[in-house]
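An overview of the molecular structure
Here's the letter readout for the chains.
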Amino acid sequence: MAKLKRLPLVSFLAILISIPAIAQQKKEKLTAGRERININKGWMFYRYDDKGDNLIYDERPAVYNKHDDIVADSRPAQANFEGTSEKVLKKWILPSANDFIADASKHYLRPAGNPGENFPFVQEGFNDRQWQHIDLPHDWAAKGPFYTDTNAVVGGGMGRLPVQGVAWYRKKITIPAADKSRFIYFDIDGAMSYAMVWLNGKLVGGWPYGYNSFRLDLTPYVKFGGANQIAIRLDNPPNSSRWYPGSGLYRNVWLTKTNAVQVAQWGTTVQTSNVSESAATVALKINVENKGNKDQQVKVVTGIYNTDNASGVEKLVVNFPVSVIHIDDHAKQSVTNQVVLSHPALWGPLPQQTPNLYTAVTRLYVGSQLVDTYRTPFGIRDIKFDPVKGVIVNGRQIRIQGVNQHNDLGALGVAFNARATERQLEMLRELGCNAIRLAHNPPAPELLEMTDKMGFLVIDEVFDCWNQGKTPLDFHLIFPEWYEADIRSFIRRDKNHPSIIAWSFGNEVGEQYTGDAGADVAKKLAGIVKDEDSTRPTAASMNYARPNMPFPESTDLISLNYQGEGIRDAPAYAGLKGIRTSPLYPAFHSKFPQKMIVSSETASTLSTRGTYIYPVTKEISAPVNDTSGGDPRHRYVSAYELYTAQFGASPDKVFMSQDKHPFVAGEFVWSGWDYIGEPTPYYSSRSSYSGIIDLAGFKKDRFYLYQSRWRPDLPFAHILPHWSWSGREGKITPVHVFSSADEAELFLNGKSQGRIRKSAFEYRFRWDSVKYQPGQLKVITYKNGQLWATETIKTAGAASKLALMSDRKVIKADGYDLSFVTVKVLDEAGDLVPGANNDIQFSITGPGEIVATDNGDPSDLVAFPSKRRKAFSGMALVIIKSKSGQPGNLIIKAESTDVKPGNVIVITK
């Protein structure tokens, strides 16, 4: 048995003397004893044109309903499928889950044999020179082309991109002979999906769920001192997702090298308690492994460091007491210790608080040799969940102003890019967003590093379905065997991120409909979550389960999708089929007075940026259809921001319901950004209509409606629609204004259209009887009787020129950094021409390349890499990437017929 060794005082003093002094620790590398090497560069890629090969994970249903144009809140109907046969590789893959299965008696035993060993693609000598040379992260589907036919193999639900099929990745890596005593791990942050890995012709293992990060031990198969051939097979089924899942090795991949004595994978847990401005208790649990063939006495030394944000220098703050443990060969031992930190710099969400971070650096010594160094970033914060006050961080109530975010990065697909992710978060911060729900799967680990640093609150989520599937080939096929491993690995990877405030282990799952049986599944999953982390509450988002059903009993939080403001309950929604509920905040609060309520999905308002369709509904919320708010010919939805999915509600209706029920902790809007796939209401399109920001990263009018609520101290006024309507002269053209002001007066060509004061539960100014005439619209707003903000818009002239503006003037010459360049079609006076749809040709000179273009139009089926793109509502986007190690000036040029070209310079360093 591994055991904690109690030492006599003399021995303990000797250990203290042998610990490197603080001055020596500063000189010691903070990564000594362990190497983590990024191996994204230089892969070979091949995707089958046909069905692929016979190295399948498991059998799948052969006949099923392939239609994906269903309302998002439709009842799940896919039954579990028992598909195993003797010819599949599942038995060799399942042991990869063993470290995450608590009951050792349920661990999987690897069968004898080596499936696939004679398959050419896994062989070292196979000639892959004709394969495509790529660098990771890589999404093979993002470049398209889009499927345009009605019965496409991939329909609108999954984004009309070629995600389906089997593909292989190959790469040779050299492992030096000097590493012969070390352990070599292959860490994959994300692979979509059914990943299976061979090294030197030997099947190592794999992981079927495409969103989880996972590790495989390569050590038994490595040729030390020579080249080693990695081969990875991925298999993306069609009809396996409700949105665009992407494809390929779409996140970072790493080699990790350790000594036999090591901190286990995701092997540290930091918990803080008794948190105040004067002191905080920091507890650290370290799981240490001895994978060697002899017992070891291990000294465990951990210090807490903070980082000077200006210089980047880490400074030691305090040391934990030293621990010495005796670990038998091939055994594990956990060490738990704590320290009181005086005057801690607390982590809290912006803008009210500051997201301060620390790093715990753990060093393992065998004798005098430093054998491992493990870094654990963390934050010190106190979070409470009050059923009346909501989320309380460090003693201060924080209203959740959140959005839901899917996995893709627009025109880049799902291939992770740090700058593209950062850009999304920056725009959400500008919006006033302080919280993100990760729908409906674990994110790239780097995203959570950003939410920690940028001060967002996060609900981390796993699973869109359990046993009851939503699409024919989704996760329900593998749920029974993988749910425990997926949950435990998901939490172990992410548990030390201070931005994460809750774990969600299901979204609108079909088990809501199955009474006690479904609730029993939820309780089992909640128990696993609590076993991994008892410090955060559990949640599972409900769009059907009511207060009197057993399902809500299973979670710590009441997490509601659309039920708070009511589903299909307003007059305009009468007659629609589907779930129908009145606003259920009071009923849930009455039934569960001890549980905090949060709306995990609200709104699902739909619109296309800059398009306005007449007449405009008089209601505050209405479902879009082909005769109200919708344009089926162009596949546009009116941007008055009043029209919704069948189950949704306008922002105004959501705000009213939340304001009437102040015990609700806040909301996560569906969605922050448009995303590829799920293009309700027009499934012949490519991407969603629900974002506050469109797919290209351009603000919809709705951005300013949310900003008026979430940033009430920001003086601004935003007028909609635009005022360039040739042919609408004399016709009623309602004018709405979004502002945090309480009064506003509108002027058309200098003539007042009336002064309006917002009444209780009103969130916009509406002049619904304005008749269009060319000229100028001006609004003057007031707050508390004082001038607040003004805005003026005017009728644009003919398109005259193109203007380019980059989000950053300088980017890194590392081959990954990006510049997002906005192109606007302007008239001679420099005003945007809102109806312009010029065909624009893009080019670049200098050490960079055009990665993709977009315009935010969900109906645009031109492939993302195209260097030719039509403007949409007067705007387009071109995304530029640097070339590694080649600094210089990039000149991006845009040209179009009958207008002056434009250009912008971006410097790469």
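Residues numbered from 1 in each chain as written. Predicted model: local features only at pLDDT ≥ 70, side-chain atom pairs only at ≥ 80, totals over all residues. Heavy atoms only, no water.

Scanning the model with the defined rule gives 52 salt bridges in all. Between Lys332 and Glu289 there is a salt bridge, with the nearest N and O atoms lying 3.9 Å from each other. Separated by 43 residues along the polypeptide, Lys332 in strand S17 (residues 331-342) and Glu289 in strand S13 (residues 279-290) bring together distant segments of the chain. Glu849 is paired through a salt bridge with Lys881; the nearest N and O atoms lie 3.9 Å apart. Here Glu849, found in strand S46 (residues 848-854), pairs with Lys881, found in strand S48 (residues 875-882); they are 32 residues apart in sequence, far enough to count as distant. Residues joined in a network through salt bridges with shared partners are Glu484, Arg488, Arg492, Asp531 and Glu532. (Salt bridge = Lys/Arg side-chain N within 4 Å of Asp/Glu carboxyl O. Helix = DSSP H or I, 4+ residues; strand = E, 2+ residues; numbered from the N terminus.)

Right, let's get into the side chain of Asp189. As for its position among the elements, Asp189 is in the loop between strand S6 (183-188) and strand S7 (195-199). Although Asp189 is buried, it makes no salt bridge; Arg36 carries the closest opposite charge, 4.4 Å away. Other than its neighbours up to four places away in sequence, Asp189 contacts Arg36, Tyr211, Asn212, Ser213, Arg251, Asn252, Trp254, Pro445, Glu446 and Arg493. (Buried < 20%, exposed > 50% of the residue type's maximum accessible area, 1.4 Å probe, protein only. Lys, Arg positive; Asp, Glu negative; His and termini not counted. Contact = heavy atoms within 4.5 Å.)

Moving on, we get to the pairing of strand S37 (residues 743-748). Buried residues dominate S37, accounting for six of its six residues. The side-chain alternation of S37 yields two buried faces, one formed by Glu743, Glu745 and Phe747 and the other by Ala744, Leu746 and Leu748. Inspection of the sheet shows S37 paired to strand S40 (residues 776-783) by six bridges, in the antiparallel sense. Considered in S40, the bridge of Leu746 is made with Val779. (Pairing = 2+ DSSP bridges.)

This brings us to the sheet that holds strand S20 (residues 383-386). Strand order in the open sheet formed by three strands is S20-S21-S22, with antiparallel pairing between adjacent strands. Because the sheet does not close on itself, it has two edges, and the strands there are S20 and strand S22 (396-398). This sheet shows a mean twist of 35 degrees between the axes of neighbouring strands, independent of strand direction. When S20 meets strand S21 (residues 390-393), the two strands line up antiparallel, connected through four bridges. What sits directly across from Phe385, in S21, is Val391. (Axes fitted to C-alpha atoms, helices over the stretch in contact; angles between N-to-C directions.)

Within helix H10 (residues 702-710), seven of the nine residues are buried, leaving the element largely enclosed by the surrounding structure. Here H10 has its buried residues at Arg702, Phe703, Leu705, Tyr706, Gln707, Ser708 and Trp710. In the core, the buried residues of H10 are packed alongside strand S23 (400-405), helix H4 (418-431), strand S29 (597-603), helix H9 (651-660), strand S34 (666-670) and strand S36 (735-738).

Over its 16 residues, helix H6 (residues 479-494) runs 21 Å from end to end, which matches the ideal 22 Å to within 8%, given 1.5 Å per residue. Among the 16 residues in H6, 13 count as buried, and that is most of the element. (Expected span 1.5 Å × (residues − 1).)

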